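# What the coordinates show
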Amino acid sequence: MTAEIISGTAISRQIREELKQEVAQLKEKHNIIPGLVTVLVGEDPASQSYVGSKVRTCEELGIYSERHDLPADIDEQTLMSLIDRLNKDPKINGILVQLPLPKHISESNVLIAIDPRKDVDGFHPINVGKLMIGEPDYLPCTPHGIQELLIRSGIETEGADIVVVGRSNIVGKPVANILMQKRAGANATVTVCHTRTRDLVSHTRRADILIVAAGKPKDVTADMVKEGVVVIDVGVHRIGKTKEGKNILCGDVDFESVKEKAKAITPVPGGVGPMTIVMLMTNTVKAAKLAAGL
Ligand code: GUN
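As a starting point, this report considers the structure included with it. Quantities reported herein were computed from a predicted structural model and do not represent experimental measurements.

### Topic: helix α1 (residues 8-30)
Since there are 3.6 residues in each turn of an α-helix, residues three or four apart along the chain are aligned in direction. For α1, built from 23 residues, the straight-helix expectation of 33 Å at 1.5 Å per residue is met to within 8% by its first-to-last C-alpha distance of 31 Å. Of all the residues in α1, the buried ones are Gly-8, Ile-11, Ser-12, Ile-15, Arg-16, Leu-19, Val-23 and Leu-26. Check the buried side of α1 and you find it contacts α2 (45-61), α6 (141-152) and α10 (272-291). In the stretch just after α1, Asn-31 is the one whose phi turns positive, near 55°.

Pasting the structure below:
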């Protein structure tokens, strides 16, 4: 079996078109322009590239965007003052502080300082709690993007054995939570594996849907999956450069071998990555509507 390739590029394009129309209607009917601010601390090249893509996508969709790039040695109090100002700014509906932050800044202090109504990442403890009880306002972008990929590719999650590899607050924990919810596009039996899991392969081999966010290049190989599995690869690793100087990327899954056994698989790049950005835009539009009482 050679797998169907689940194209996050194509599916995210479709969602962007839907959003573009929604943004145009909000402007025309209600004179509302959704606004997103990105805050980047330091000069990590991957983070710079992600923030750049987010700003470009805002422009493409007609969403107002502001970008604050701050030096790596900024103190926590200065960052907090900026967040406080953005919380009060009516042009801004969504605040995204790119993670990871430098070690001298407390991530949890920063995330809790963002107004939960503007928390388009869904990382504020209030929004994490709302997801936990099945009443989310904002779903975290990468996990939400994974759910959309599955839904729009017609992959049934109801009753499926889903195995998640990785337990981060950004991907592993929330994606498990989303897919176990009692609702359409979820209703799965979810197992979360991590670095202390005793026999990882015994879990990955029984997965109907395997979601890998382990953070290690090509970590999941063909011998670790069953025939007909659906594989969602969340990893992004820069493993070299082409002659033209472009980054060569790979995921957490050994794509070439696993695609021979899988029913469907996401590529890297062009799988989960583009979905994360478009779900951020979805949350920003939602935040603008909520702020206007729509
Ligand atoms: N760093 C990696 N993924 C994310 C994300 O989804 N949101 C933010 N803010 N930072 C990230």
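### Observations concerning the packing of α6 against helix α7 (residues 172-179)
Orientation of α6 relative to α7, taken along the N-to-C sense of each, is 45°, at an axis distance of 8 Å. The angle between α6 and α7 falls in the class oblique. In this structure, α6 crosses over α7, and the sense of that crossing is right-handed. Facing α6, whose interface residues are Pro-143, His-144, Ile-146, Gln-147 and Leu-150, α7 presents Pro-174, Val-175, Ile-178 and Leu-179. When grouped by side-chain class, the residues that make up the contact of α6 with α7 number seven nonpolar, two polar and no charged.

### A word on the sheet that holds strand β7 (residues 209-212)
Taken together, the six strands give an open sheet; going across it, the order is β1-β11-β8-β7-β5-β6, and neighbouring strands pair in parallel fashion. Each edge of the open sheet is held by one strand with a lone partner, namely β1 (4-5) and β6 (189-193). The pairing of strand β5 (residues 161-165) with β6 spans five bridges and is classified as parallel. Within β6, the residue paired with Val-164 across the bridge is Val-192.

### Thoughts on the site of the ligand
As a structural note, the neighbourhood of the ligand is formed by Leu-96, Val-97, Gln-98, Leu-99, Asp-121 and Phe-123. At 2.8 Å, a backbone N or O of Val-97 approaches a nitrogen atom of the ligand. Between a nitrogen atom of the ligand and a side-chain N or O atom of Asp-121, the distance comes to 2.6 Å. Against a free-state accessible area of 280 Å², the protein chains account for coverage of 84% of the ligand. Its residues placed into classes, the shell around the ligand shows four nonpolar, one polar and one charged.

Reading the values: the criteria
Residues numbered from 1 in each chain as written. Predicted model: local features only at pLDDT ≥ 70, side-chain atom pairs only at ≥ 80, totals over all residues. Heavy atoms only, no water. Helix = DSSP H or I, 4+ residues; strand = E, 2+ residues; numbered from the N terminus. Expected span 1.5 Å × (residues − 1). Buried < 20%, exposed > 50% of the residue type's maximum accessible area, 1.4 Å probe, protein only. Contact = heavy atoms within 4.5 Å. Axes fitted to C-alpha atoms, helices over the stretch in contact; angles between N-to-C directions. Parallel < 35°, antiparallel > 145°, perpendicular 65-115°, else oblique. Left-handed = near helix turned anticlockwise from the far one by under 90°. Nonpolar A, V, L, I, M, F, W, Y, C, P; charged D, E, K, R; others polar. Pairing = 2+ DSSP bridges. Near = heavy atom within 4 Å. Polar contact = N/O pair within 3.5 Å; in protein donor to acceptor, adjacent residues only side chain to side chain. Areas by Shrake-Rupley, 256 points an atom, 1.4 Å probe, with all protein chains shown as cover.

Function cannot be read off these values alone, since they describe shape.
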